[in-house]
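# Structural characterization, general
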Amino acid sequence: VCFIPGGLDCSISFVSHVLGKVCVHGRQKEILGVLVPRLTDLTKSDCIWQRICWRLMECVPDRWMEAVVLGFVQRAPGADVLSRLLGNLVVKNKKAQFVVTQKILLLQYGHTTAVLQNLLGYLSLDSLRRSLLLRVLQELLETWSSSSAVKHSPAEQQLYISKAILICLSHLKEPEIETCRQELLKSMMEGMKCHLDSSLPQLRRLGMVVAESISLKINTEGPVLKFEYEEDDETRELKSLLVQTPSFRVIPSLPDDDRSEKAGAALPLVPESNEKSHTAAPVMPDEESDAELDSDDDLIPYDMSEDKELKIKAPVYIRDCIEVLTGSRSEDVDKWEATVKALESLVRKNPAATREVSVELAKILLHLEGKTCIEGFVELRQRAQVAVLTTDPIPVAKYLTSQFYSLNYSLRQRMDILDVLVLAAQELSCPKFHGKTKHSGAQKPCIELLGSDSSKDWRRIVDERIKSKTRRFDMGQSRVELASCPNKFNSVAGYFFFPLIQHFDRPLTTFDLLGEDHLVLGRLVHTLAILMYLAVNTVAVTAMGKALLEFVWALRFHTDSYVRQGLLSCISSLLLSVPTEQILADMTEELLETQSWLGDVMEKDPDGDCRRLALQNLLLMENLKKKLEAVPS
């Protein structure tokens, strides 16, 4: 920055043009890395330099304005500095206003939290710009509460918009909140519904955090919204944005005399309160002293160290368990708890007796509700259901799959059915687990409980299968091969799979998979993918693959990203489980169409996991093609 002596007038439009052209040609970092710190120092206490800087920005041509403004926003050390450097540029220049209020906030989402704080803090620091802050908040809330935006925009953009909303809320003053209270309440209710309807746990948690924050702002005195969710680093960062961090300034140290005077002035405040408390302490009414004398503090506690808890004997027969869980004896809470805890091991030890009442027992367990606060009740019930299903697979699988599409079941019960089918199929396909009363870590459900990412285990399994099918040289034998054993899932795979895939497009009064119950549809799709994977080398695998490919093709354009992830997982399991010869013989045309669809997903899908899974499937198809070319004709 040069100085012009003699008080001569000058124009800096040429410098503005040079600055804009350098920034737009990719040298933004080099020039602004020197210019911004220098202008920050010069404008700190000199209003003339502030006017020069404002003029410098105003003279930048519109075609280069975006690169310059974005560079200043990114490199300014704080909102107050950015306000000194830009002035009211967003009020005077329409292009700068579009970049600041629209492009950076709504059309992009790769900027850091510090950039958002700089930008929105800049809008809040001047009365002329605060109207833009309110307008920005309104547009952000419209996007956040739009069901279409929640479905079609990536999770990273949803997080970015949520951060911007919370920063805007932190800058609102009480009169401004009062004027837009109804609009905030309306947006909160609509956005909360859209986010809670999402199948992705991250989006549901974002909706909860933002709704809590809006409620906290508009209901300063009354009750506020409060959700139950597991806090992580992302959640804590979001909540911290609602509180403005004051800009700390270095206060010069006081002389010793001043410090002693100020300390002396502050000291009398504490003894005054202490003095009052000491003088008030001895005054005690006679009633209170009598109450102290009558207290039970002097009684000696009874020694109960050697007392033993009475153990309730659990039933030893399956029919006794049914009586306890359903009959009059169910009023005995201790007996009921002992029965629930012992049922799994009892079923596994008595397979013949279990087969006589397997369907009845499966029905009881499906409708069983926790009567007491027994620890791990959901897991105990699930293990018992899996034990019954693996002991008598065909009739119990028929019952459970028929109940999945029946009336008068909650969504939670339908998802419980899917969980049990997956766990039982995994156990049947891995006989080494048979007879164990406790499930090992390898046997955890691939479809987890509601509120978690249910596809992580499934993707890990697919990645391991791909690794095992990848040709490597000079690696040696990586692990000891396990002893071969029969796959018990072979003869029953069709009973698990086909009934689930038959009626997905038939809406019921209380259950519509293709409508509002897309969360259950996502779980169903992931379940089918896992069952397809576990059916490798079974007799029915080819027929299952054909049916699954038709199912995927019917739902390939579903709007929910969780459902699309499951569909892509289905393609992975099909390519890994169905023999290559059968794929090429029976599904060639369908495979070519699927390959074209996967290419579109990889390029255009807004969800990052969907793009990754599509790429993985294309690589699997390429491996199939190479394998076909390697076969001698």
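Above this note sits the structure.
Before going into details, it helps to say that this report is about the structure given with it. On a predicted model such as this, the values are computed, not experimentally measured, just so you know.

## Observations concerning the overall build of the protein
Helix and strand content of the protein: 32 helices and zero strands. When each of the 633 residues of the protein is scored for burial, the buried share is 47%. Pairs at least 24 apart in sequence give 74% of the contacts found in the protein among residues at least 6 apart.

## Describing a nonpolar patch on the surface
Where nonpolar side chains cluster on the molecular surface, the patch consists of Phe14, Val15 and Val18 and spans about 290 Å² of accessible area. Along the polypeptide, Val18 turns up in helix H1 (residues 13-42). The exposure class of Val18 is partly exposed, given its relative accessible area of 35%.

## Notes on the packing of aromatic side chains
For the coordinates displayed, the defined rule picks out six aromatic pairs. Ring centres 4.9 Å apart and planes at 85 degrees place the aromatic pair Phe404 and Tyr405 in the edge-to-face group. Each member of the pair, Phe404 together with Tyr405, is buried. Measuring from centroid to centroid gives 4.8 Å for Phe504 and Phe551, while their planes differ by 80 degrees, and the two rings are edge-to-face. Taken together, the positions of Phe504 in the loop between helix H26 (493-502) and helix H27 (518-534) and Phe551 in helix H28 (residues 541-555) put the pair 47 residues apart, joining distant regions of the chain. No difference in accessibility class separates Phe504 from Phe551, as the two residues are buried.

## Overview of unusual backbone geometry
One non-glycine residue, Asn408, adopts positive backbone phi at about 65 degrees. Here Asn408 shows up in the loop between helix H23 (393-404) and helix H24 (411-429). One non-glycine residue, Asn537, adopts positive backbone phi at about 70 degrees. Its location among the elements puts Asn537 in the loop between H27 and H28.

## Structural notes on H28
Here H28 contains 15 residues, and its C-alpha end-to-end distance of 21 Å stays within 8% of the 21 Å for a straight helix at 1.5 Å per residue. Turning to H28, its buried residues number three or more, namely Val541, Thr542, Met544, Gly545, Ala547, Leu548, Leu549, Phe551, Val552 and Leu555. Looking at the buried residues of H28, the elements they touch are H26, H27, helix H29 (561-577), helix H30 (580-586) and helix H31 (588-604).

## A closer look at the packing of H26 against H28
The geometry of H26 relative to H28 is characterised by a closest axis approach of 11 Å and an angle of 20 degrees between their N-to-C directions. One way to sum up the angle between H26 and H28 is to call them roughly parallel. In this structure, H26 meets H28 at a crossing whose hand is left-handed. Only Ala543, Met544, Ala547, Leu548 and Phe551 of H28 make contact with H26, whose side of the interface consists of Ala493, Phe497, Phe498 and Ile501.

## Section: the pattern of salt bridges
For the structure shown, the criterion picks out 21 salt bridges. The partner of Arg383 in a salt bridge is Glu379, with the nearest N and O atoms 2.8 Å apart. Of this pair, Arg383 and Glu379 both sit in helix H22 (residues 377-391), four residues apart, which is roughly one turn of the helix. Asp419 is the partner of Arg523 in a salt bridge, and the nearest nitrogen-oxygen pair spans 3.1 Å. Residue Arg523 is located in helix H27, and its partner Asp419 is located in helix H24; the two are separated by 104 residues in the primary sequence. Grouping residues by exposure puts Arg523 and Asp419 together as buried. Beyond isolated ion pairs, a larger network of salt bridges with shared partners links Arg381, Arg412, Asp416, Asp419 and Arg523.

## So, H1
Between its first and last C-alpha, H1 extends only 19 Å over 30 residues, short of the 44 Å set by a 1.5 Å rise per residue. Maximal helix bending in H1 amounts to about 130 degrees, located at Arg27. Burial in H1 covers these residues: Ser16, Leu19, Gly20, Cys23, Gln28, Leu32, Leu35, Val36, Leu39, Thr40 and Leu42.

## Considerations on the environment of Ile322
Mapped onto the fold, Ile322 is located in helix H18 (residues 318-326). Sequence spacing of Ile322 and Val357 is 35 residues, and the spatial spacing of their C-alpha atoms is 9.2 Å. If near-sequence neighbours (up to four positions away) are discounted, Ile322 is found in contact with Gly327, Val357, Glu360, Leu361 and Ile364.

## A few points about the packing of H18 against helix H21 (residues 358-367)
Packing of H18 against H21 brings their axes to within 11 Å, and their N-to-C directions diverge by 30 degrees. Relative to H21, H18 is oriented roughly parallel. As for how H18 packs across H21, the hand of that crossing is left-handed. In this structure, H18 contributes Ile318, Ile322, Leu325 and Thr326 to the contact, and H21 contributes Glu360, Leu361 and Ile364. In the contact of H18 with H21, the residues fall into five nonpolar, one polar and one charged.

What counts, and where the lines are drawn
Residues numbered from 1 in each chain as written. Predicted model: local features only at pLDDT ≥ 70, side-chain atom pairs only at ≥ 80, totals over all residues. Heavy atoms only, no water. Helix = DSSP H or I, 4+ residues; strand = E, 2+ residues; numbered from the N terminus. Buried < 20%, exposed > 50% of the residue type's maximum accessible area, 1.4 Å probe, protein only. Contact = heavy atoms within 4.5 Å. Patch = residues over 30% accessible without salt bridge, like charges linked within 9 Å, V, L, I, M, F, W, Y side chains within 5 Å. Areas by Shrake-Rupley, 256 points an atom, 1.4 Å probe, with all protein chains shown as cover. Salt bridge = Lys/Arg side-chain N within 4 Å of Asp/Glu carboxyl O. Phe/Tyr/Trp six-rings, centres within 6.5 Å; stacked < 30°, edge-to-face > 60°. Expected span 1.5 Å × (residues − 1). Axes fitted to C-alpha atoms, helices over the stretch in contact; angles between N-to-C directions. Parallel < 35°, antiparallel > 145°, perpendicular 65-115°, else oblique. Left-handed = near helix turned anticlockwise from the far one by under 90°. Bend = angle between axes of the 7 residues up to and from the residue. Nonpolar A, V, L, I, M, F, W, Y, C, P; charged D, E, K, R; others polar.

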